[in-house]
Every structure is written in C-alpha cells, then in structure tokens.
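# Structure at a glance
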Amino acid sequence: MFRKNTTLSISRGAEGDKAGFHRDFTVGPSCCVPDQFPRDHAMNLITGFLSRIGLLAALLVAAPAHAAPDLTPRIAALLKAQGLAGAVWTTLGAPGAAGVGDARSGTPMRADGRVHVGSIAKTLLATGILRLASERRLSLETPVAMLLPGVVFDNPWESGDPVRIRHLLDHTAGLDDARFWQVFSMKPRAASPLAAAFPPHGGLLRIRHRPGMRCSYSNMGYTLLGMVIEAVTKSRYERYLDIHLLAPLGMRDSTFAFVSQAGDPRLAMGHFENGIAQPAMPSWVRPAGQFTTTAADMGRFARFLMGDGTVDGRPFIDTSLLRRMGEPAGTEAAGAGLQVGYALGLRRIDRHGAVGKCHGGNTIGYRAMLCLFPGTAQAFFIAINSDSETADYHRFDALLIEALGRAGPAPASGPERTRKPAFDTRAWEGFYVPSPNRFDSMRFLDTAFGFVHASTGGAGLRLQSLQSATVELQHVENALFRAPGKILASHALLTAADGGRVITSGTQSWEKVPALRLLLLWLSVAAGVPGLAWILLQGFARLALRRMALHDPLLAPFAGTLALLLPVPFFYRQSFLQLGDLTLASGLLAAVTAVLPATMLAGLAVALRKKTGIGAGPAAMLAVLQLTLVLAAWGLLPLRLWV
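Residues numbered from 1 in each chain as written. Predicted model: local features only at pLDDT ≥ 70, side-chain atom pairs only at ≥ 80, totals over all residues. Heavy atoms only, no water.

Under an unreviewed UniProt entry, the name given to the protein chain is Serine hydrolase, and the organism recorded is Pseudoduganella dura.

What follows is the structure in structure tokens.
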C-alpha cells in the first residue's frame, strides 16, 4: 500500500522500486567551453560531466537490484483464487501479464495485449475536452445548449443555472445515469449516431437538482460530451480524439473506435463468471465506456496527466486544468471542506491507506482501474478480462498499491488527542434516502431499501443500511467526519438551501426524509408481496383439490399472478444484453404487469357480488392492488425495460 508521505520523487522502475532513489541529475552546460575560460576550469567541468555520466550509468546498471519482486506470481494467484481469466498491468515500468487472454483456448495473456477499460474512457474523453479548452475552442463554463441546440434539458433552474460543460465533466449536472435500453441492448452499431441515445420526447434529460450542487454519476452526461466534441470539431469524436489526443501522447496502440475480438486477435476476450466468453458489443452510450488500449499506453497516459501538460516541449493542455482533475470544487460537499470526490474525469479516492486520483471501469467482460499519485509521480493501471459479481477486485488494487510503496497507517479510531469543538449530530439523526439516486428508474427500490439510518454514536455518527455494514463515523472538525480506515474526512453533514439535512460522501448524497414516508412504502411491500404469495399458493391448492370454478373470486387474481411467470423462460433463453430491447420476453413482462391490477379488481368484483365478505382472499387481492398502484405511481407498472 502507499505511504501517505513518501520521499520517492519519480515513478519507480519495473513493477515498482521499493528502495527508491532521487533521480535528480543536473548536468552543467559543459559541452561548449569558451576560449577565455581557464584551462583547469574547463578540465574541472569536463571531469565533473564525465563523473556524473559515470554515476548515472552506475545507477542505471544498479537499478534492477532495487526492483520490487515480480508481481506476476502474486497476481496470477489472485486471478486463480477469484476465478478470473487474466490481467495486464503497469506501475509505470515494464507492463506485466498473467492468466489467459481467452479461457476457451487457454491462450496466455500477453503483456502487450490490447484490453477494454470501460469507464476509464471517461478520463481520456475528459482530457480531450481539456485539450479543446486549452485551444480556446470551448470553455468549461459554456452552457451545453449553446453547443447542442437540439438537446433540451428539463431543467427547473435553467434561467440561472444552465447545464454547463464542467457539470457534465464533474457528474454534477443532475442527470440520470442511464436507462436499461441504453446499456443492455444489441441494437446499436459501431457507427450509430450519438444522438440516438437521446430520442425526442424520451424524458431522459430531466435535471434532478440544481446543476453543480451535487455529484451523481452519469453515463448519459459523458455521451453528451462526445456530442459536444463532434459539434465543435465537425468530426466523429472517435476519429478526432485518435488523431488529436492519442497520437500526440504517443498512445498509438489505443483507440476510441469500436474494436472487437473478431477484428483484432491481440484484443483479449472478455469473460463472465465460470469463464464464459463474451465478445465486445457496441453501445448507445459509447463515449462513456468505449476505449481499447494496452498497459504500456496507459502508462504513457498516466505520466502525461502527472506532468506539466506539454508534449515535446510545447504546451498541449493547460497545466491548471490538469491539476484540477480529481480536485472537486463547487459542490455542497466541497464547500463543506470534503476533499474526496469527482472532478474533470478523475475521482479522488481514499482507499487501502492511500489517497489517489483514480477512475475505475467495467464493461462487457472486463474490469479495470487507473490510479495516479501525482505527489510522488506514481501510478498504476490494471485491466482484468473478467467481469464477475463475486470477485473482490479491490485486492488487485491493494496489491499494486503495495508494490508502489506501503502506505502509512490510517488514523486510529477513537477519541482524538486534540480537542475539537463539539459537533451536535442530534439534528442529523433519522432516515436518509439517496438524493439523487444513480438510476432514476430505480428510485422506488433505492428509496424503500437503499435508505441509511443515522444515529448518534459516541463522539460521532453511526450509519446503518440494509445493503452494507454499519459505519461508525468519527468527528474530524466542523461538519466533517471520517470512516474507519480512511485518511481524509469521508463524509460531511450539510443543511440544504431548503433547510433539509443532508449527508454526503462527495460522490453520493442522502437527504433526510420523514420515517412515516418510508414506513408507508415498507407496509405496502410487506402487504403486497405476501398477498401475491397467498394468491399463488391458494390457487394451486384449489386446482389440486379441483375446487377452482369459473365463478371463483380467486380465479382472475390467480391467473394474473401466475402470468407473472410467463416471461421467465423467454428471458432465460435470451442474452442478458437484450434486457433493454423490446423482445418477446420484455413485451410479455410489460403485458402481464399491466393487467395484474385488473385481475385483482376482477376478483374483488366477483367477491363483492357473491357477498363473501372481507376474508383472506379479498384481503390478499386488496393488498396486491394497493402495491400495484404504488408501483404505478413510481413509474414501475407496467414494467417496460425498453423505455
């Protein structure tokens, strides 16, 4: 892991150099000695020059003796333990490789093999935007609507706070992340126009908070940035960035264009669990995640980002813009003093005892991570050609961090030595929901089950949720708190403009809501789901006993509930990449969820005519009916995955 304050001043040798040395060689101007210089002075300069050359040569020869142990065996062991195919990586030295490039053939992964990196493409695309800004071809403060007049945002704050280029770069525009059909679809082609991701009247560009205020990750936002590049350059963004960004940076083995394994034998095959191969597929939101590269090229890119913005001694990207990458500003969280967060294509992350500017990525069959540590000119990149829901990819990051130099221990939990003014957390006790949540179509689930409960615990705040372990936040200063194992403050407590209480981690905010609101949602689910189960089980029981008649009040509700199972075999037979397409499976799902409330009403009508009273059957129907109405109010009924 990284030391927080290490003395290493340059990137280390192959796979890291644990010993480290300061390569600061200052060779004087002794190539040309004027005639008026004394002879002995000239000889001293020459002697000094030769001695420094000798020292340089000695250090270069000795450098391998200081190199860190080869990472290949350890990464290979991790791949095997996690059930993953292969990996390529670099710590700014010689690239490494382990595992297989294709599990079907057992072909070894090559150190110079090409890989996909998913959302790390955002960092590269953001760098392309910064190049255009450095050329004064656009400004980060330019409203997006000025460059894309055909794009209409549903922005209640448009008059004072339009969506600007920097909001898209920082994920602070307030946009949804993506819809099912934008990610899980087999319809897009490599040359599909980017505007196809935003059909007219699709309701996709609703702004959910004042632009610039909060961070909410958005693949749609970076797709819009691809459209901005095309509008400014009058060229396809892939071609423009390949020629005007990658080529000058020497990344000649990389491309923004779509690359498949069928067209490039050097591209490692992607995999899912159990080594199931999955070739690359085009995407509607490709600017947000389409990039093919090598470990060596990513090393070149990392060096440039940590440099002075010049290429071959000439200005390429304004240094001040490069320095702002990964330095969040302008948001509520940044205003409260929180240093972690996202900015201009990089996220400042506090993890494994180290603080770096990083970006992760996952795409079909791949996971990847790029991390920079500009203070010590260190970085690592790793791409793994397996996308598994059960693997622990953080273990690879931790291993590479360790290879660069073990981090110092994180601040100990418990009372601080220095007394700080007490912060009264009682006003922040209560229930919080994501605000905004990442996927707008999942608001109901994120509200009902993605909530956080905050309570005062000792000298800090305790956060509990259904989806993760309890976190005990320790007060740092003012409204800043730190989670265990972190170096920097990890959370801030805020009061919103409307007086509401907010907890933020810099990349996600939660807003306090009345407990009654959540209780009503829980009661709705707690009644509706058992009601469905009762109708299904009672229906099967009556069928088995041959007691189900045409006039039975349970017949229509049972048929409607049983129909929910109809799409299952069709989903099982189709690729999960078609989840967002209108197929027989998704069409059936929409149909059966649409008629479900009607079947409950039909059953209740029969029960009313027969005057059966409010027994178990009608009660179950009412329970299901109210749940369907709640889901409809949240936009989940009928369930249409293609919208």
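Further notes follow.
### Things to note about the sheet that holds strand E13 (residues 366-373)
Sheet strands associate in pairs through backbone hydrogen bonding, adopting either a parallel or an antiparallel arrangement. Spatial strand order, E3-E2-E1-E14-E13-E12-E11-E10: eight strands in an open sheet with antiparallel pairing. With partners counted over all chains shown, the strands left at the sheet margins are strand E3 (107-108) and strand E10 (341-343), one partner each. Both strand E11 (residues 346-351) and strand E12 (residues 354-363) contribute to a ladder of five bridges, which runs antiparallel. Residue Asp-350 lies in a different strand from E12, and its bridge partner there is Val-355. The strands that helix H9 (residues 295-305) touches are strand E1 (86-90), E11, E13 and strand E14 (378-384); relative to E13, the one it contacts most, it runs at about 30 degrees. (Pairing = 2+ DSSP bridges. Helix = DSSP H or I, 4+ residues; strand = E, 2+ residues; numbered from the N terminus. Contact = heavy atoms within 4.5 Å. Axes fitted to C-alpha atoms, helices over the stretch in contact; angles between N-to-C directions.)

### As for the UniProt feature "transmembrane region" (unreviewed entry) in the protein chain
When the UniProt feature table is mapped to this numbering, "transmembrane region" (unreviewed entry) covers residues 519-541, 553-572, 584-607 and 619-637. Between the end C-alpha atoms of residues 519-541 the distance is 33 Å, and the span holds 100% helix and 0% strand. A distance of 32 Å separates the end C-alpha atoms of residues 553-572, which is 75% helix and 0% strand. (UniProt positions renumbered as here; feature names shortened; annotations may be inferred.)

### Some words on the nonpolar core
Within soluble globular proteins, side chains that are nonpolar generally end up buried alongside one another. Grouped together as the largest cluster of nonpolar side chains are 82 residues, with contacts concentrated most on Ile-129, Leu-140, Leu-224 and Phe-381. Looking at this core, the elements with two or more residues in it are helix H3 (120-134), helix H5 (165-170), helix H7 (219-233), helix H8 (237-246), H9, helix H10 (319-324), E13 and E14. It is H3 that contributes the most residues to this core, nine residues altogether. When near neighbours in sequence (up to four residues on either side) are disregarded, Leu-140 contacts Ile-129, Leu-130, Ala-133, Arg-164, Ile-165, Arg-166, Leu-169, Leu-321, Arg-324 and Leu-344. Residues Leu-78, Ala-98, Met-369 and Ile-382 belong to the second largest nonpolar core, which totals 25 residues. (Core = buried A, V, L, I, M, F, W, Y, C linked by side-chain atoms within 4.5 Å. Buried < 20%, exposed > 50% of the residue type's maximum accessible area, 1.4 Å probe, protein only.)

### Section: the pairing of strand E18 (residues 471-477)
When strand E17 (residues 460-465) meets E18, the two strands line up antiparallel, connected through four bridges. Its bridge partner lying in E18, Gly-460 is registered against Gln-474. Hairpin connection, E17 to E18: the antiparallel pair is bridged by five residues. Judged from the three bridges that link them, E18 and strand E19 (residues 480-482) form a sheet pairing that is antiparallel. Residue pairing in the sheet places His-475 in a bridge with Phe-481 of E19. Counting the residues between successive antiparallel strands, the hairpin from E18 to E19 contains two residues, one of them, Asn-478, with a positive phi of roughly 50 degrees.

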